[in-house]
Amino acid sequence: MTRMRSAVLATVSALVLLAGVYISVFVPTESPKTVSNIHAIRTQFEENISLQGGIKAYQQFLHEPATINEHVAAHIFGESLYAMEGISGVGACGSQFHYGCFHGFFMQAISSEGLPVVAALNRACREASATPSLECLHGIGHGLSEFMGRNKLTEALAMCKEIEPALSIEGCLSGAFMEYNVPRVVAEDGTLEVAIRPLPDTEDPREPCLSVAAEFQTACYHELPRWWKELYPERYDTIGDLC
């Protein structure tokens, strides 16, 4: 009995350790909360895009020293890229800085044009690559979830299925669930808003994954540790129990 109990404790400890390693390695750390020179940065990006085109301007951005959080800067670049070049600019974005350019680009596109633009964005992704890149689809998921709001997660997931029938865990669904759980928005006053989804006292912390359709659950669970990290900071034992 003692030997069995020791084995069980060792297994549980290993799982908790693995959860902590996964979160510390694969979940991006918290971004700085303030971007003091956002307007100047946006103006500079737009000037560079106007003079060089989106592709060259993005490469210049990648090689210049960062003056603010890189993911935030990439978000702003994506927003500026859409403002200057519209849908055709999507081919300039890359996966650097946790897909920040794609996030900003698609969120700006959908917030500006509404849901009818999604089909055109999906076509642009296909034209930019023989097979739509996961980061491109991931960005569309962010845009859908942000535009539709938390109360319409089911509708956002359904639209993801329309444009990506294969339902990769790192594509459109991943972006939709990430935006649902831990949205990060750069406001015009230069503040990086991190509106972590709250957990009601009566709700299971594995939601919404217990309630969404079975075809969406794998992608949903894939994104939960990112939310749990914010909900239970440094409490890897709690996160391990949920796993």
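Residues numbered from 1 in each chain as written. Predicted model: local features only at pLDDT ≥ 70, side-chain atom pairs only at ≥ 80, totals over all residues. Heavy atoms only, no water.

Considerations on the packing of helix 2 (residues 38-52) against helix 4 (residues 70-85)
Right, so step 1: Remark: helix 2 packs on helix 4, axes separated minimally by 9 Å, with the N-to-C direction vectors making an angle of 45 degrees. Taken as axis vectors, helix 2 and helix 4 run oblique relative to one another. With respect to the hand of their crossing, helix 2 and helix 4 are arranged in right-handed fashion. Judged by residue contacts, I38, I41, R42, F45, E46, I49 and S50 of helix 2 engage A73, I76, F77, E79, S80, L81, A83, M84 and E85 from helix 4. (Axes fitted to C-alpha atoms, helices over the stretch in contact; angles between N-to-C directions. Helix = DSSP H or I, 4+ residues; strand = E, 2+ residues; numbered from the N terminus. Parallel < 35°, antiparallel > 145°, perpendicular 65-115°, else oblique. Left-handed = near helix turned anticlockwise from the far one by under 90°. Contact = heavy atoms within 4.5 Å.)

Examining the side chain of H103
Right, so step 1: One can find H103 in helix 5 (residues 96-113).
Right, so step 2: In contact with H103, other than residues within four places in its own chain, are H71, H75, H98, H138, G139, H142 and M178.

Comments concerning the state of the cysteines
Right, so step 1: Using the criterion set out here, one finds 4 disulfides in the structure.
Right, so step 2: A sulfur-sulfur distance of 2.0 Å marks the disulfide that ties C209 to C220. Because the torsion about its S-S bond is -85 degrees, the bridge between C209 and C220 counts as left-handed. Placement of the pair is C209 in the loop between strand 2 (192-194) and helix 10 (214-231) and C220 in helix 10, with a sequence separation of 11 residues.
Right, so step 3: The class for C220 is buried, based on a relative accessible area of 0%.
Right, so step 4: Sequence-ordered numbering of the bonded cysteines in the chain gives a disulfide pattern of 1-2, 3-4, 5-6, 7-8. (Disulfide = S-S within 2.5 Å. Buried < 20%, exposed > 50% of the residue type's maximum accessible area, 1.4 Å probe, protein only.)

Geometry only, nothing functional implied.
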